[in-house]
Amino acid sequence: MTDVAAAPIGGAPGDRHQIPPSIVVDGVRAAYGRIEVLHGVDLVVPPASVFALLGPNGAGKSTLLKVISGRMRPSSGQVLVGDKAIGKRPTEKLARSGLCAVPEGRGIFPNLTVRENLSIWTYRGGLNLRDVEERTFEAFPRLKERRRQMAGTLSGGEQQMLAISRALVTEPSVLLLDELSMGLAPLIVAELYELVGNLARRGMTILLVEQFVTTAVAVATRAAIMVHGRIEQEGTPQEMADAALSVYLA
Ligand code: ATP
């Protein structure tokens, strides 16, 4: 097996000479202690697509993202990003190889200022703080006004902007987004998802978990519904939006 850290996964978005990677989840089981919550998940996210993973609370969606991002080990099965096996690699290595996860709860450092958070994104290599700030503040002018503020004291929407700025500046080839809309006003959610759509058009492979079906469907090119630790259905976003209604209301 080739080393994930040795070569970038896929290519940088916008690099037309490289095919962006797909995500393949093959028979993944995962447990917290003795309680298994993923009971054999199979999923294929096509390259350069936005795949929405829908499902009721507790279905295992966040757990699956944790396994894909290498933060949790599967008890069996495997995850491939491009042709590289994931799952037993430290997250740090994955980050350097082009996979970025924005976890539920935002994944920012609350006790550091906005600027200090941005300076952390520069560790991806080849980036200086000035470039990172320029790109971030161009997308989110509000963060410029708040650059000296502790990230933990930002509003929910501003925290999410800061979290997603990581994907904006490091340009991963694979982006995992967990409940971007959580606790946010609809206008801010629309703004963030517009940005997600732009990232996808630049060739990123994006897997997103979302409770709000209409929000997810607006940006996704493919979708699936997860229930009780298994993928129950997969199809077009509209098909899955319709199916989700009956699953959620059942
Ligand atoms: P939600 O939409 O509510 O976030 P989800 O589909 O993302 O739900 P998970 O967060 O993956 O679901 O949780 C799946 C199951 O695993 C739930 O029953 C949950 O209680 C359990 N679980 C999640 N995290 C842990 C943990 N750290 N320790 C023990 N059990 C956990």
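Residues numbered from 1 in each chain as written. Predicted model: local features only at pLDDT ≥ 70, side-chain atom pairs only at ≥ 80, totals over all residues. Heavy atoms only, no water.

*Asks:* Quick question: what am I supposed to make of the packing of helix H6 (residues 156–170) against helix H7 (residues 186–201) here?
*Replies:* A packed helix pair is summarised by two numbers, namely the angle formed by the two axes and the spacing between the axes. At their nearest, the axes of H6 and H7 sit 11 Å apart, and the two run at 5 degrees to each other. By the angle class used here, H6 and H7 are roughly parallel. Contacts between H6 and H7 pair Gly157, Gln160, Met161, Ile164, Ala167 and Leu168 from the former with Ile188, Glu191, Leu192, Leu195, Val196 and Leu199 from the latter. Taken together, the residues of the contact of H6 with H7 break down into nine nonpolar, two polar and one charged. (Axes fitted to C-alpha atoms, helices over the stretch in contact; angles between N-to-C directions. Helix = DSSP H or I, 4+ residues; strand = E, 2+ residues; numbered from the N terminus. Parallel < 35°, antiparallel > 145°, perpendicular 65-115°, else oblique. Contact = heavy atoms within 4.5 Å. Nonpolar A, V, L, I, M, F, W, Y, C, P; charged D, E, K, R; others polar.)

*Asks:* Any chance you could explain the pairing of strand E10 (residues 230–235) here in plain terms?
*Replies:* The two faces of a sheet get side chains in turn, since along a regular strand they alternate between them. Relative to E10, strand E9 (residues 222–227) runs antiparallel, the two being bridged by five bridges. Counted as the bridge partner of alanine 223 is glycine 235 from E10. Counted along the chain from E9 to the antiparallel partner E10, the turn is two residues long, and its residue histidine 228 has a positive phi close to 45 degrees. (Pairing = 2+ DSSP bridges.)

*Asks:* What am I meant to see in the packing of helix H3 (residues 114–121) against H6 here?
*Replies:* Closest axis-to-axis distance for the H3/H6 pair is 10 Å, and the angle between their directions is 35 degrees. When you trace H3 past H6, the crossing you get is right-handed. Seen from H3, the contacting residues are Val114, Asn117, Leu118 and Trp121; seen from H6, they are Leu162, Ser165, Arg166, Val169 and Thr170. Looking at side-chain class alone, the contact of H3 with H6 contains five nonpolar, three polar and one charged residues. (Left-handed = near helix turned anticlockwise from the far one by under 90°.)

*Asks:* What exactly am I supposed to notice about the site of the ligand here?
*Replies:* Near the ligand you find 13 residues, and of these Gly58, Lys61, Ser62, Thr63 and Gln211 are the closest. The separation between a nitrogen atom of the ligand and a polar side-chain atom of tyrosine 32 is 3.4 Å. In the environment of the ligand, an oxygen atom lies 2.8 Å from a nitrogen or oxygen atom belonging to the backbone of glycine 58. Alone, the ligand offers 630 Å² of accessible surface; in the complex the protein occludes 59% of this. If one sorts the elements of the shell around the ligand by residue count, helix H1 (residues 61–68) sits on top with three residues. Of the residues in the shell around the ligand, the class split is four nonpolar, six polar and three charged. (Near = heavy atom within 4 Å. Polar contact = N/O pair within 3.5 Å; in protein donor to acceptor, adjacent residues only side chain to side chain. Areas by Shrake-Rupley, 256 points an atom, 1.4 Å probe, with all protein chains shown as cover.)

*Asks:* Help me understand the nonpolar core in this model?
*Replies:* The tendency in soluble globular proteins is for nonpolar side chains to be buried as a group. The biggest cluster of nonpolar side chains holds 51 residues, and the ones touching the most others in it are Leu175, Leu177, Val196, Ile206 and Leu208. Residue contributions to this core peak at eight residues, all from H7. Not counting residues up to four positions away in its chain, the partners in contact with leucine 208 are Val50, Phe51, Ala52, Leu53, Leu177, Tyr193, Val196, Ala216 and Val219. Of all hydrophobic cores here, the second largest spans 27 residues; its members include Phe51, Val174, Leu176 and Met226. (Core = buried A, V, L, I, M, F, W, Y, C linked by side-chain atoms within 4.5 Å. Buried < 20%, exposed > 50% of the residue type's maximum accessible area, 1.4 Å probe, protein only.)

*Asks:* Help me out: how do you make sense of unusual backbone geometry in this one?
*Replies:* Across the chain, the bulk of peptide bonds are trans and the bulk of non-glycine residues have phi less than zero. Despite not being glycine, alanine 48 has its phi angle at roughly 50 degrees, a positive value. Position of alanine 48 among the secondary structure elements: in the loop between strand E2 (35–45) and strand E3 (50–54). Although it is not a glycine, histidine 228 adopts a positive phi angle of roughly 45 degrees. In this fold, histidine 228 is placed in the loop between E9 and E10. Residue histidine 228 is classed as exposed on the basis of its relative accessible area of 63%.

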